[in-house]
2 protein chains.
Amino acid sequence: MPTNFADRLLNAIAEKAAPVCVGFDPQLDQLPDELRGNAVSQRSESAHCANLFADFGREVLAVVAPLVPAVKINIAFFEPYGPDGVRTYMELVGEAQRLGLMVIGDVKRADIGHSAERYAVGQLSGRAGADGGRPDAVTVNPYFGLDGVKPFLDVAREEGRGVFVLVQTSNPSASQFQGLLFSDGDTVCQKVARMTEEWAVGAGMVGERGYSCVGAVVSPRDLASTDRVRSLMPHCIFLVPGFGAQGRSAEEVARCFKADGTGAIVTASRSVICAHREPRYRDRFGGDWRGCIEQGCQDFITDVRRVTGR
Amino acid sequence: MPTNFADRLLNAIAEKAAPVCVGFDPQLDQLPDELRGNAVSQRSESAHCANLFADFGREVLAVVAPLVPAVKINIAFFEPYGPDGVRTYMELVGEAQRLGLMVIGDVKRADIGHSAERYAVGQLSGRAGADGGRPDAVTVNPYFGLDGVKPFLDVAREEGRGVFVLVQTSNPSASQFQGLLFSDGDTVCQKVARMTEEWAVGAGMVGERGYSCVGAVVSPRDLASTDRVRSLMPHCIFLVPGFGAQGRSAEEVARCFKADGTGAIVTASRSVICAHREPRYRDRFGGDWRGCIEQGCQDFITDVRRVTGR
């Protein structure tokens, strides 16, 4: 197993012939009725919710592990349940890895100096002694410039892990700030793309396949700007959110890949982990929510394969 | 007690006649020897470290509570210890509030859509059921534009709490991104200052004293740019890091205040909570580390009062 994160991810994608990642963003009111109904009494509401997420998460991971190379687990959905939530997040990270999945911890952290180093150690490394898994890569916010990112690069380099820098996000108001235009023709997010490419190459983490362990979160907005950020970051693997529920077009998503079909991994969350709530799957699988999720995942893979022409 | 966060903070500052905030960023190797020596065996290294931070934190809070209006607790220093660390963070938030302190949770969160709402609920509200305290305000990152901030504003409005948007940070590389210049003469961080003022006024959270529950983290870089951001955000209370250890000059910090002496709260962390490691305090107080911290806090207050001319 190569220790370089980018090589590991690209190999995992090749093995499953699917540049996809299932996002795990669980919400209580969207869990299968069966799980909610089985709820046993816990010492607190937060422990109860965290346990439901753990149960659901283990089932989802078991269903998708044979199909996809990676999952993205979003810690935001666990933090409302305090320490219990964080424990469940870490347990699911470890469980996914035991099932052979690559795990991206969607933590969107960043700070400066010692604080950033502490976040990097906390989120990417087990060296401070807390039990549970640590993801193969995490998402980080670029607002601080290099100081906010470098501690993550350092820990990632030491431990064979990766970092995805938020470059172009998928929210409606992203352009309010990320789209602001400089006089040289760059937008704010294109400046961040240039910084990210610089970090990706400068950090000494480019693997055998020509990609760095420093990748970028890029949600395509239109064809021209997507082509632009793709060309600005030749060494970065794009983590592409917004397929399915957030409705990016196939053509837009296709532009996140290079001509050889590498360079991006597409994520979908609700269209897979909430498939049991979709009439088209319920009609077919009835109360078999695992079957719905498996089919939702298969359909997601088929859609992305179509996009990449493979 | 007014429920508006800005009014509560300004009243607390007036009561102590000190626009200061003690930052709690504990590191294991900087704890008083006495505490490290007392360490009892715990079920794990992380539980052990989290307990040391809890012991140290309770002592620090008891020392500073009679002197200052507010503390800022940085969750980055707790996350390496996993669920145990998060539990300690929340316990200390609650303990500080029981001692009458306002608490700023330095969490630097941001995301979009449901994720941002989950962070806001998790970090600002106890409504999801986890035990422990929730801070009176949190720090948030502006990179997503309004979508990343609005869920925090909504929870803050509902629960009488506040939000500090990162505008100008204190790290050396901040200017790499925040200092980039637009053709209209604004820098990136001045654009963020304008957005933040808009959110501060638009969120309907301006209190009786003319300040909004939406404030800004502003580390002064030079006199001219500090004057500029101060004038761009008339409704925002500035949370000013970098006094003491990070070495901002008194004159620079003074420009974060308005002429009437309101509008800013200055933070210091290491110069207070690590005062027992400074020869000038050890020479005077010997092994009495609480005495060192109390004097470090008094000196910090004196310095800030001198800066503001009060």
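The model shown is predicted, which means the values in this text are computed figures rather than measured ones.

Draft legend 1. Broad picture of the pattern of salt bridges. Within this structure, the stated rule accounts for 46 salt bridges over all chains. Of the charged contacts in the structure, one is a salt bridge between D111 of chain A and K108 of chain B, with a shortest N-O distance of 2.7 Å. With D111 of chain A in the loop between β3 (102-109) and α5 (113-124) and K108 of chain B in strand β3 (residues 102-109), the pair connects residues from two separate chains. Pair check on accessibility: D111 of chain A and K108 of chain B agree, each one buried. Where D186 of chain B meets R194 of chain B, a salt bridge forms, and the shortest distance between an N and an O atom there is 2.6 Å. Overall, the relative accessible area of 1% leaves D186 of chain B in the buried class. With relative accessibility at 39%, the residue R194 of chain B sits in the partly exposed group.

Draft legend 2. Region of interest: the relation of the copies chain B and chain A. For the pair chain B and chain A, the relating rotation is 180°, the translation along its axis is 0.0 Å, and the fit reaches an RMSD of 0.0 Å. Taken together, the rotation angle and the small translation identify this as a two-fold axis. Ranked by how close their C-alpha atoms come to the rotation axis, the residues of chain B are headed by P83 of chain B, at 2.1 Å. Interface residue correspondence from chain B to chain A reaches 100%, placing this contact among same-surface, isologous pairings.

Draft legend 3. Local environment of the side chain of Q178 of chain B. Secondary-structure assignment places Q178 of chain B in helix α7 (residues 174-178). For Q178 of chain B, a relative accessible area of 3% translates into the label buried. Other than its neighbours up to four places away in sequence, Q178 of chain B contacts Y143 and F144 of chain A together with V167, Q168, T169, T187, V188 and C189 of chain B.

Draft legend 4. Broad picture of the confidence of the model for chain A. Within chain A, residue pLDDT values average 92, and 95% of them lie at 70 or more. Predicted as a complex, the structure gets a pTM of 0.96 and an ipTM equal to 0.95.

Draft legend 5. Seen up close, the packing of aromatic side chains. Considering all chains together, one arrives at 20 aromatic pairs over all chains under this definition. Centroid distance F177 of chain A to F177 of chain B: 6.3 Å. Interplanar angle 75°. Geometry classified as edge-to-face. One end of the pair, F177 of chain A, is in helix α7 (residues 174-178); the other, F177 of chain B, is in helix α7, on a second chain. Each member of the pair, F177 of chain A as well as F177 of chain B, is classed as buried. Taken together, the ring pairs in this structure connect F24, F53, F56, F78, Y81, Y89 and W289 of chain A into an aromatic cluster. The aromatic ring of F182 of chain A is capped on one face by K191 of chain A, whose charged end is 5.3 Å from the ring centroid.

Draft legend 6. Summary view of the packing of helix α8 (residues 188-202) of chain A against helix α9 (residues 223-232) of chain A. Residues and elements named next belong to chain A. Packing of α8 against α9 brings their axes to within 9 Å, and their N-to-C directions diverge by 20°. One way to sum up the angle between α8 and α9 is to call them roughly parallel. In this structure, α8 crosses over α9, and the sense of that crossing is right-handed. Contact with α8, carried on its side by Q190, A193, R194 and E197, involves R228, V229 and L232 of α9 and no other residues of that element. In terms of residue class, the contact of α8 with α9 is made up of three nonpolar, one polar and three charged.

Cut-offs and rules
Residues numbered from 1 in each chain as written. Chains lettered and ligands numbered in written order. Predicted model: local features only at pLDDT ≥ 70, side-chain atom pairs only at ≥ 80, totals over all residues. Heavy atoms only, no water. Salt bridge = Lys/Arg side-chain N within 4 Å of Asp/Glu carboxyl O. Helix = DSSP H or I, 4+ residues; strand = E, 2+ residues; numbered from the N terminus. Buried < 20%, exposed > 50% of the residue type's maximum accessible area, 1.4 Å probe, protein only. Least-squares fit on C-alpha atoms with pLDDT ≥ 70 in both. Contact = heavy atoms within 4.5 Å. pLDDT = per-residue confidence, 0-100. Phe/Tyr/Trp six-rings, centres within 6.5 Å; stacked < 30°, edge-to-face > 60°. Lys NZ or Arg CZ within 6 Å of the ring centre and 35° of its normal. Axes fitted to C-alpha atoms, helices over the stretch in contact; angles between N-to-C directions. Parallel < 35°, antiparallel > 145°, perpendicular 65-115°, else oblique. Left-handed = near helix turned anticlockwise from the far one by under 90°. Nonpolar A, V, L, I, M, F, W, Y, C, P; charged D, E, K, R; others polar.

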